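Residue-level listing of the chains:
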Amino acid sequence: MLTIEGLTKRYPTGDLALDKVDLQVPAGQVMALIGPSGAGKSTLIRCVNRLVEPSAGRVMLDGVALTTLGSGALRRARRRMGMIFQEYALVERLTVMENVLSGRLGYVGFWASWFRRFPRRDIEEAFRLLDRVGLAHMADKRADALSGGQRQRVGIVRALMQDPKLLLVDEPTASLDPKTSRQIMRLIVELCAERGLAAIINIHDVALAQQFARRIVGLRAGRIVFDGPAEDLRAEGLTAIYGEEDWSQTIRRAEEEEEAATESAA
Ligand SMILES: Nc1ncnc2c1ncn2[C@@H]1O[C@H](COP(=O)(O)OP(=O)(O)OP(=O)(O)O)[C@@H](O)[C@H]1O
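Model, not experiment: these values are computed from the prediction. (Residues numbered from 1 in each chain as written. Predicted model: local features only at pLDDT ≥ 70, side-chain atom pairs only at ≥ 80, totals over all residues. Heavy atoms only, no water.)

**Q** Give a description of the sheet that holds strand 7 (residues 166–170) that names residues and reports values.
**A** With mixed pairing, the 6 strands of this open sheet are ordered in space as 6-7-8-3-9-10. Each end of this open sheet is capped by a strand with a single partner; those strands are strand 6 (81–85) and strand 10 (223–229). The mean inter-strand angle of the sheet, taken between neighbouring strand axes irrespective of direction, is 15°. With 5 bridges joining them, strand 6 and strand 7 adopt parallel strand pairing. Counterpart to Met-83 in the pairing with strand 7 is Leu-168. Across the sheet, helix 6 (residues 148–161) lies against strand 6 and strand 7, angled at about 170° from strand 6, the strand it touches most. Contacts between helix 9 (residues 235–242) and the sheet are confined to strand 3 (30–34), strand 9 (215–220) and strand 10, with strand 9 contributing the most and set at about 35° to the helix. (Pairing = 2+ DSSP bridges. Helix = DSSP H or I, 4+ residues; strand = E, 2+ residues; numbered from the N terminus. Axes fitted to C-alpha atoms, helices over the stretch in contact; angles between N-to-C directions. Contact = heavy atoms within 4.5 Å.)

Written out as structure tokens, the structure reads:
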């Protein structure tokens, strides 16, 4: 369980990015975080693993107060939080396998990783996960030879190699075409279900969020203005999050996506 209490971030520039945010994400829940540009979505995700230092408030993961940990304890706690980025953050000149194994760096000692001596079970797990995402045959390819969708799969596998309890996912589909975006969202949701993982997915595409996440949280100007089941997010909620607009097209698209998903699952 992730518990966020009174989380506040004011950047040195004076921008109040998060304003006393309270949020709980139970184990195994996949939650989509939506909101307009500048609402504080990335800041929220990064305050959880303290890539950004909160100004005030508490973040607890399974009873451990992340916000008060010293650097050694924080490094260990970060193993339990896998991060997946929009821009993949792969090392281009390394192979897929090397990128995936870098997910174990928090566990393997410095010299072992320097000499690329990873335990056999890590290598087996890497192959198993690459196979799960359909990339086992690409293990020896350099990361710069992959398509965007393949890169994101590698990013997902690398995050899973940490054996996390929570995935922090920052705009995973922003650089992908619509079909690949759906495949990646489906994969993240399936993997979370298979492994009992919670996830916070920062995503701009409302229809995609509604299709794949049961719970939607809407941020506006650093505050939560919507929190509910995906199917409850309608014109009123969208206006609270994004401001006044004709939402009929967006809602129709979300409904069509829902129907298409139900039909393809049938
Ligand atoms: N490093 C920074 N220094 C100063 N201000 C920042 C910094 N990062 C973000 N901000 C400000 O904090 C607020 C929230 O930004 P954040 O990137 O968290 O929003 P977001 O919802 O993720 O936006 P987007 O969807 O465009 O990525 C904005 O006003 C932004 O300008």
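**Q** For the pattern of salt bridges, give the residues involved together with the corresponding values.
**A** Inspection of the entire model under this criterion finds 14 salt bridges. For the salt bridge of Asp-19 with Arg-223, the shortest nitrogen-to-oxygen distance reads 2.7 Å. With Asp-19 in strand 2 (residues 16–25) and Arg-223 in strand 10, this residue pair connects regions lying 204 residues apart in the sequence. On the basis of relative accessibility, which here comes to 14%, the residue Asp-19 falls in the buried class. A relative accessible area of 47% means that Arg-223 is categorised as partly exposed. The salt bridge involving Glu-124 is made with Arg-120; its shortest N-O contact spans 4.0 Å. Of the two residues, Glu-124 and Arg-120 are both situated in helix 5 (residues 120–132); the distance of 4 residues between them amounts to about one turn of the helix. Here the salt bridges do not stand alone but share partners, grouping Asp-19, Lys-20 and Arg-223 into one network. (Salt bridge = Lys/Arg side-chain N within 4 Å of Asp/Glu carboxyl O. Buried < 20%, exposed > 50% of the residue type's maximum accessible area, 1.4 Å probe, protein only.)

**Q** Can you break down the packing of helix 6 against helix 7 (residues 178–195) residue by residue, with the values?
**A** At their nearest, the axes of helix 6 and helix 7 sit 10 Å apart, and the two run at 15° to each other. Put simply, helix 6 runs roughly parallel to helix 7. As helix 6 packs across helix 7, the resulting crossing turns out to be right-handed. Each of Gly-149, Gln-152, Arg-153, Ile-156 and Leu-160 in helix 6 lies in contact with helix 7, whose residues at this interface are Thr-180, Gln-183, Ile-184, Leu-187, Ile-188, Leu-191 and Arg-195. For the contact of helix 6 with helix 7, the residue count by class is 6 nonpolar, 4 polar and 2 charged. (Parallel < 35°, antiparallel > 145°, perpendicular 65-115°, else oblique. Left-handed = near helix turned anticlockwise from the far one by under 90°. Nonpolar A, V, L, I, M, F, W, Y, C, P; charged D, E, K, R; others polar.)

**Q** Could you give an account of the domain arrangement of the chain, with specific residues and numbers?
**A** Domain assignment breaks the chain into domain 1 (1–80 + 168–174 + 203–266) and domain 2 (82–163). On a C-alpha basis, the centres of domain 1 and domain 2 stand 26 Å from each other. Domain 1 puts 13 residues into the contact, and the matching count from domain 2 is 10 residues. Of the roughly 1,000 Å² buried at the junction of domain 1 and domain 2 (both faces included), carbon and sulfur atoms supply 46%. (Domains from an automatic or database assignment. Buried area = accessible area lost by both parts, 1.4 Å probe.)

**Q** Residues and numbers for the sheet that holds strand 4 (residues 56–61), please.
**A** Here 4 strands make up an open sheet; going across it, the order is 2-1-4-5 and the pairing antiparallel. Two strands in the sheet have a free side with no partner beyond their single neighbour: strand 2 and strand 5 (64–65). Looking at chain direction, strand 1 (residues 2–10) and strand 2 are connected through 6 bridges and run antiparallel. Opposite Thr-3, over in strand 2, you have Gln-24 as the bridge partner.

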